[in-house]
Each structure stands twice: as C-alpha cells, then as structure tokens.
Amino acid sequence: MTLWWIGDAVLGLVILPVVVYLLHGVLREARAIVPSVRGIAAAAAASSKDLDAGALLVTTQEGATRTIAGVAEYGGSLDVIIDDAD
Amino acid sequence: MAPPLAMAAVGVVMIVVVVAIVAALVVYLVSVIVALRAIAGGLDEVIASVGEILQKTAPVNGIVTAINEQLDAGVDALEGLLVKKAGIVDAVGLVDSLYAGAGAAGFRNFPESAAITPPRISEVYTKGTLTLARLGREAPIAAASPNGPVLRNVEGGSLAARLLYPELRQGRPGAMPRSPVIGTGAPVQYEQRDDIGKPRRHMPSRGNGSGA
C-alpha cells in the first residue's frame with residue numbers, strides 16, 4: 001500500500017513536471033522557428049523580385065556584343081590612319 | 001491487508017495523475033503540431049521563391065561568361081592596338097598616367113610589360129601632338145612638306161609641328177604686316193559722324209543706278 005502511494009507521488013510530483021517541462025521546451029522552440037521561417041520566406045520573395053532585372057542581361061549581352069564590335073571597327077580605323085610605333 | 005477505501009484512493013490518485021500527464025501531452029503536442037504546420041507553410045513559400053530565384057538566375061552564368069569573353073576580346077584588341085601604335089614602353093606609360101600604378105601590372109598579353117618602368121607622361125602628350133601632325137601631312141596645312149621625315153623628335157615636337165605651316169607666318173613673323181590698331185590709342189583717329197542714324201539730307205534720285 002505504501003509503495004502505491006510512493007508511486008503516485010513520484011508520478012505526480014516528478015514525472016508530470018518533467019513531461020510538462022520537456023513538452024513546453026519543444027513547443028517554445030517550435031514557435032521560435034515560425035518567425036524565422038516567415039522572415040526567410042519574405043527575404044526569398046524579395047530576392048526573387050530583385051532578380052526580375054536578370055532577364056535584361058540578355059539585352060546587356062547584346063549591347064556588349066555590339067559595343068565590342070563597334071570598338072573593333074574603331075580600332076581597325078585607328079590601325080589604318082595611325083602609324084605604327086618605331 | 002489494506003482497507004478497500006485506501007486502495008480505491010490510491011487508484012483514483014494514480015488515474016488522476018495519468019490523466020493529467022495525458023492531457024499535458026495532448027495540449028503541448030497539438031500546439032507543436034500547429035507550430036510545425038506554420039513552419040511547413042513558411043517553407044513552402046520559401047521553396048517557391050527559391051524556385052523563382054533559380055529560374056531567374058539560370059541564364060546568368062552563360063550570359064556573364066559571354067559578356068566577359070566579349071570584353072576580353074575587346075581588351076585584347078585595344079591593348080594590342082595600343083602597343084602596336086605607341087610601342088610597349090609608351091603604352092605602359094599611357095596606362096600608368098591614366099590609372100596611377102596600373103603600369104606595374106602590365107598588359108595581359110604582354111607579360112614583359114610588367115617589368116617596364118612607365119615613362120614620363122609628358123612624352124605621351126608630345127607624341128599625341130606629333131601623331132596629329134603626321135595625320136595632317138596629307139592635308140593642305142602640310143602641303144609644303146608632304147614627304148618630309150617622320151616627326152619623331154619628341155623634344156622639338158612643337159617646333160616641328162609648327163614648321164608644317166607656311167614659312168612666313170612661323171619663321172619670320174616680323175615680316176608680316178602689323179594688324180591695324182583700333183581704339184582710342186590708334187594712330188589714325190576718325191571723327192564721329194553726327195549724321196549716322198539720322199534721316200538722309202538728300203534722297204538718291206530714282207532711275208540713277210550708278211549713284212553718280
């Protein structure tokens with residue numbers, strides 16, 4: 001009979017607080033992750049929006065190609081009209 | 001032997017404690033499930049955004065590589081042209097004059113240029129003047145000496161360029177007529193006419209085109 005009472009006491013005074021403490025810790029950490037995930041989602045969305053101009057790189061590539069071609073033609077003209085160094 | 005009432009009390013207490021533990025488990029685990037669902041929803045948004053980022057950045061490597069290749073070709077061509085026209089020494093001096101200290105790095109396609117001490121920048125400007133003078137040799141300004149020697153005299157570059165002009169103006173400017181002196185200190189003073197701006201005294205006769 002005494003052992004039963006001791007078992008009840010241990011169950012109510014030790015096991016129950018430990019279970020509550022552990023579960024509370026798990027819940028606290030899980031809730032702490034939520035704002036971080038929302039922040040990451042907002043940052044990823046903003047980053048994706050910032051990359052909308054990435055499609056313009058195709059235009060930049062075409063512009064660079066034309067510019068270099070123009071420079072090459074200009075250099076060809078300079079090659080013709082300017083004497084070489086001694 | 002324990003009394004039945006005490007046994008029942010022990011059993012009731014145990015049941016109450018177990019029920020409390022189970023209730024705590026339910027409450028906390030449900031809360032954890034809710035938090036994990038929120039996390040999963042947030043991660044879904046992250047995955048969607050990251051997918052967009054991957055889609056938008058997919059062509060970046062190829063495009064940037066192509067642009068760099070084009071720029072490399074342009075740099076190689078310009079460096080080669082500069083070295084061909086100005087010479088390796090003056091080319092290093094020109095680059096060093098435009099970008100201080102850049103001459104020490106040299107040109108990419110001319111590794112030996114890194115060991116060259118950049119010359120004085122004044123020579124570059126003078127050589128530019130001479131280059132313009134050489135370009136003008138075919139122009140009327142240099143008609144007097146179209147087949148003259150190449151102007152490579154750096155120190156006397158300005159004089160050599162001036163000699164491309166007619167001899168009278170450059171060599172003997174004192175023989176040229178003086179420009180007229182005007183103003184209050186002019187040797188010839190003219191009186192101011194009072195009739196300027198006023199009605200004519202005598203109108204020109206009609207039909208007399210000679211004005212006599």
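Residues numbered from 1 in each chain as written. Chains lettered and ligands numbered in written order. Predicted model: local features only at pLDDT ≥ 70, side-chain atom pairs only at ≥ 80, totals over all residues.

Caption draft 1: Highlighting the nonpolar core. Ranked by size, the top nonpolar core spans eight residues in total: B:Leu82, B:Val83, B:Ala86, B:Ala91, B:Val92, B:Leu94, B:Val95 and B:Phe107. If sequence neighbours within four positions are ignored, B:Phe107 has contacts with B:Glu79, B:Val83 and B:Ser113. (Core = buried A, V, L, I, M, F, W, Y, C linked by C-beta atoms within 7 Å. Buried ≥ 20, exposed ≤ 12 C-beta atoms within 10 Å, placed from the backbone. Contact = placed C-beta atoms within 7 Å.)

Caption draft 2: Geometry of the interface of chain A and chain B. The interface is formed by 46 residues belonging to chain A together with 47 residues belonging to chain B. Secondary-structure elements contributing two or more residues to the side of chain A that touches chain B are helix H1 (2-50) and helix H2 (57-81) of chain A. The biggest single contributor to the side of chain A that touches chain B is H1(A), with 25 residues. Here the side of chain A that touches chain B is built from residues that sort into 30 nonpolar, nine polar and seven charged. (Helix = DSSP H or I, 4+ residues; strand = E, 2+ residues; numbered from the N terminus. Nonpolar A, V, L, I, M, F, W, Y, C, P; charged D, E, K, R; others polar.)

Caption draft 3: Examining H1(A) more closely. Its 49 residues place the ends of H1(A) 71 Å apart at the C-alpha level, agreeing with the 72 Å of an ideal helix rising 1.5 Å per residue. Remark: the principal bend of H1(A), roughly 30°, maps to A:Leu11. Those residues of H1(A) not exposed but buried are A:Asp8, A:Ala41 and A:Ser48. Along its buried surface, H1(A) packs onto helix H1 (4-57) of chain B. (Expected span 1.5 Å × (residues − 1). Bend = angle between axes of the 7 residues up to and from the residue.)

Caption draft 4: Just the confidence of the model for chain B, in detail. Residue and element names in this part refer to chain B. Put simply, chain B has an average pLDDT of 74, and 67% of its residues get 70 or more. Of all helices and strands in chain B, the one with the weakest mean pLDDT is helix H3 (residues 121-135) (48), whereas H1 scores best (90). pLDDT under 50 marks residues 132-146. Its contacts with residues more than four places away, or in other chains, come to 18 contacts. Note that pLDDT drops below 50 for residues 149-156; the model gives that stretch twelve contacts with residues more than four away or on any other chain. Model confidence for the complex is summarised by a pTM of 0.50, with the ipTM given as 0.70. (pLDDT = per-residue confidence, 0-100.)

Caption draft 5: Here's a closer look at the packing of H2(A) against helix H2 (residues 60-98) of chain B. Close contact between H2(A) and H2(B) brings their axes to 10 Å; oriented N to C, the two are set at 10°. In terms of axis orientation, H2(A) runs roughly parallel to H2(B). Residue-level contacts link A:Leu57, A:Val58, A:Thr60, A:Gln61, A:Ala64, A:Thr65, A:Ile68, A:Val71, A:Ala72, A:Gly75, A:Leu78 and A:Asp79 of H2(A) to B:Val60, B:Ile63, B:Ala66, B:Ile67, B:Gln70, B:Leu71, B:Ala73, B:Gly74, B:Ala77, B:Leu78 and B:Leu81 of H2(B). Residues that form the contact of H2(A) with H2(B) fall into these classes: 16 nonpolar, six polar and one charged. (Axes fitted to C-alpha atoms, helices over the stretch in contact; angles between N-to-C directions. Parallel < 35°, antiparallel > 145°, perpendicular 65-115°, else oblique.)

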